[in-house]
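Close look at the chain arrangement
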Amino acid sequence: MKDYGLLDVGYNHVNLDDCWAMKNRSATGEVMSDTTRFPSMNNFTDQLHALGFYAGIYSDSGWFTCAGYPGSFMHEEQDAMTFQSWGFDFLKYDNCAIPFDDIIREGVMGKYQRMADALVKVAEDTGTTFIFSLCEWGWNQVWLWGAQMSHSWRIDGDIVPVWRSIASIINSASFITQATNFYGRNDLDMLEIGNGNLTHDEAKTHFTVWALVKAPLLIGTNLATISQEMVSILKNQEIIAINQDPVYGTSISPFRWGINPDWTSNATYPAQYWSGPSENGTVFMLINTLSQPADMFFNLTESPWIRAGIQYSVRDLWTHTDNGTAVRNFTAMDVPAHGVVALLLKEDGYESAGMMPPCAGEALTQCTAENGTKYS
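Residues numbered from 1 in each chain as written. Predicted model: local features only at pLDDT ≥ 70, side-chain atom pairs only at ≥ 80, totals over all residues. Heavy atoms only, no water.

The protein carries the name Alpha-galactosidase in an unreviewed UniProt entry, which gives Rhizopogon vinicolor AM-OR11-026 as its organism. Per its UniProt entry, the protein bears the Sequence similarities (unreviewed entry) comment "Belongs to the glycosyl hydrolase 27 family." Looking at the Subcellular location (unreviewed entry) heading of the UniProt record, one finds this comment for the protein: "Secreted". (UniProt positions renumbered as here; feature names shortened; annotations may be inferred.)

Shown next as structure tokens:
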């Protein structure tokens, strides 16, 4: 990660997932790391810290993890203290092996609150604040309550490195973008860049969506075998800058679904036209969900972040080029199959005088002169 420059562009956590533990707890109930794989967790985290990384670990809210290792149910505070003592400050918390109702007497939210309370106690006792990542697969409308107790929450099932999985998750995300803001983010699952047989354009679309909806960017591939072409996608600093915007923590959102009527749920053909504010202008994302190239057109004022009567300079966040000025509308030509266009539009003065019609977009239906004459 250091050699490829990934730490330099912001990938500053190394997180363990399942299977790091022994199958049984100690006689006093402590969870123990695998004596062969991780003989000293403190040595492991010390090495990461020395390289400039933070360290993350995994557990489960049930009796067992999804791979059958000890879960943290009824050991929440004990495990949280153990993780802190080992030098971790990030916890991914899974949803397997749920106790019977007459034992837990909680819903999904209450089950996760138990560990949230334990992490608060650890922070009070030690000063270590954990990033708490819920992995409840989108159950129980987590986007409504996740920010009360965590910093991110999975909105869907596990991702796989094929386009249909990515398109389905984009579809799920399109309806709940309002849930994301600073300190609380919809988690679309790890990045599959470098895995499977995603085309270059599919990988770019995958990364662009995850970044611009402000999801956590978690690399989930073997960096020993990743191609430099895929590394370059992960290192697009103009895209990452939107993900890490210090002024706007909100996700971009669809302003037009495109192929389908607006607000249509379609796991194969999700929303195509998205926009949102950023520190340096209005971000637009166009996704060609078709299996063949397509031109993609939009009126600027379809986005709520655009001002009528203003022309805009156009920056392409993938070609890293300034592409002239957009007046009232924009067309992206020959967007590849499953490809993406990411643009940053900045105000660039008033439109030319005498532009017709005198109102743009939806306003045309109520376009009225000062004397009451309605334009038609």
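Following the structure, the description resumes.
1. Some words on the layout of surface pockets
Empty space within the largest pocket amounts to approximately 1500 Å³. Along its surface, the largest pocket is lined by 45 residues, and Asn15, Phe90, Pro216, Leu217 and Leu218 are the ones closest to its centre. Secondary-structure elements contributing two or more residues to the lining of the largest pocket are strand E1 (13–15), strand E2 (54–60), strand E3 (90–94), strand E4 (131–134), strand E5 (152–154), strand E6 (185–187) and helix H8 (237–243). Of the residues that constitute the lining of the largest pocket, the class distribution is 23 nonpolar, 12 polar and 10 charged. Approximately 300 Å³ is the volume found for the second largest pocket. Taken together, 17 residues form the lining of the second largest pocket, with Thr177, Gln178, Ser253, Pro254 and Trp305 sitting closest to its centre. Elements represented by at least two residues in the lining of the second largest pocket include exactly strand E7 (253–256) and strand E8 (273–278). A class-by-class count of the residues in the lining of the second largest pocket yields seven nonpolar, nine polar and one charged. (1 Å grid on protein atoms, 1.4 Å probe; cavity = no way out; pocket = protein on both sides within 12 Å on 5 of 7 lines; lining within 4 Å. Points joined across faces, edges and corners; volume = space filled by probe spheres on them. Helix = DSSP H or I, 4+ residues; strand = E, 2+ residues; numbered from the N terminus. Nonpolar A, V, L, I, M, F, W, Y, C, P; charged D, E, K, R; others polar.)

2. Some thoughts on the sheet that holds E1
Across the sheet, six strands lie side by side as E1-E2-E3-E4-E5-E6; this open sheet has parallel pairing. For this open sheet the edge positions go to E1 and E6, each flanked by a neighbour on one side alone. On average, each strand axis in the sheet is inclined to that of its neighbour by 25 degrees, with strand direction left out of account. Bridge count for E4 against E5 is two bridges, and the pairing is parallel. Along E5, the bridge assignment pairs Leu134 with Trp153. (Pairing = 2+ DSSP bridges. Axes fitted to C-alpha atoms, helices over the stretch in contact; angles between N-to-C directions.)

3. Some words on unusual backbone geometry
Here the residue pair Met356 and Pro357 is connected by a cis peptide bond, since its omega of -5 degrees sits within 30 degrees of zero. Assignment of secondary structure puts Pro357 in the segment after strand E14 (340–350). One non-glycine residue, Lys214, lies in the positive phi region at around 65 degrees. The topology assignment puts Lys214 in the loop between helix H6 (200–212) and helix H7 (228–234).

4. What to know about a nonpolar patch on the surface
Together, Trp63, Phe64, Met74, Phe100 and Ile103 line one region of the surface with nonpolar side chains, adding up to about 560 Å² of accessible area. As for its position among the elements, Phe100 is in the loop between E3 and helix H3 (101–104). (Patch = residues over 30% accessible without salt bridge, like charges linked within 9 Å, V, L, I, M, F, W, Y side chains within 5 Å. Areas by Shrake-Rupley, 256 points an atom, 1.4 Å probe, with all protein chains shown as cover. Salt bridge = Lys/Arg side-chain N within 4 Å of Asp/Glu carboxyl O.)

5. Structural notes on helix H5 (residues 163–173)
Residue pairs spaced three or four apart in an α-helix point in one direction, given the helix's 3.6 residues per turn. The buried count for H5 comes to eight of 11 residues, which makes it a mostly enclosed element. Every buried residue of H5 is accounted for by Trp163, Ser165, Ile166, Ala167, Ile169, Ile170, Asn171 and Ala173. Elements in contact with the buried residues of H5: H6, E8 and strand E9 (281–287). (Buried < 20%, exposed > 50% of the residue type's maximum accessible area, 1.4 Å probe, protein only. Contact = heavy atoms within 4.5 Å.)

6. Remarks on the side chain of Glu202
Take Glu202: it is sitting in helix H6. Here Glu202 is buried and forms no salt bridge, its nearest opposite-charge partner Arg164 lying at an N-O distance of 9.9 Å. A polar atom in the side chain of Glu202 sits 3.0 Å from the backbone nitrogen of Thr199. Not counting the four nearest positions on each side in its chain, Glu202 is found in contact with Trp163, Asn197 and His338. (Lys, Arg positive; Asp, Glu negative; His and termini not counted. Polar contact = N/O pair within 3.5 Å; in protein donor to acceptor, adjacent residues only side chain to side chain.)

7. Digging into the packing of aromatic side chains
According to the stated counting rule, one finds 18 aromatic pairs in the structure shown. Ring geometry for Trp20 and Phe83: centres 6.1 Å apart, planes at 80 degrees, overall edge-to-face. Taken as a pair, Trp20 in the loop between E1 and helix H1 (41–51) and Phe83 in helix H2 (residues 76–86) lie far apart in primary sequence, 63 residues in all. Trp20 sits in the buried class, given a relative accessible area of 5%. Look at Phe83 and you get buried, because its relative accessible area is 1%. Centroid distance Phe175 to Trp263: 6.3 Å. Interplanar angle 40 degrees. Geometry classified as tilted. On the criterion of sequence distance, the pair formed by Phe175 in the loop between H5 and E6 and Trp263 in the loop between E7 and E8 is long-range, its members being 88 residues apart. Here the aromatic residues Phe255, Tyr273, Phe284, Phe298 and Phe330 are joined through ring pairs into a cluster of three or more. The ring of Tyr69 has Lys23 sitting right over it, with the charged end atom 4.2 Å from the ring centre. (Phe/Tyr/Trp six-rings, centres within 6.5 Å; stacked < 30°, edge-to-face > 60°. Lys NZ or Arg CZ within 6 Å of the ring centre and 35° of its normal.)

8. Considering the state of the cysteines
Applying the stated rule across the entire model yields two disulfides. One disulfide in the model links Cys359 with Cys367; its S-S distance is 2.0 Å. Here the disulfide of Cys359 and Cys367 is right-handed, its torsion about the S-S bond being about 80 degrees. You can call Cys367 buried: its relative accessible area is 3%. Across the protein, the way the bonded cysteines pair up, counted in sequence order, is 1-2, 3-4. Of the cysteine sulfurs around Cys19, a residue in no disulfide, the closest is that of Cys66, at 9.7 Å. Classification of Cys19 as partly exposed rests on a relative accessible area of 30%. (Disulfide = S-S within 2.5 Å.)

9. Observations regarding the UniProt feature "domain: Alpha galactosidase C-terminal" (unreviewed entry) in the protein
The feature "domain: Alpha galactosidase C-terminal" (unreviewed entry), as given by UniProt, occupies residues 270–345 in the numbering adopted here. Secondary structure across residues 270–345 comprises 0% helix and 59% strand; the distance between its end C-alpha atoms is 23 Å.

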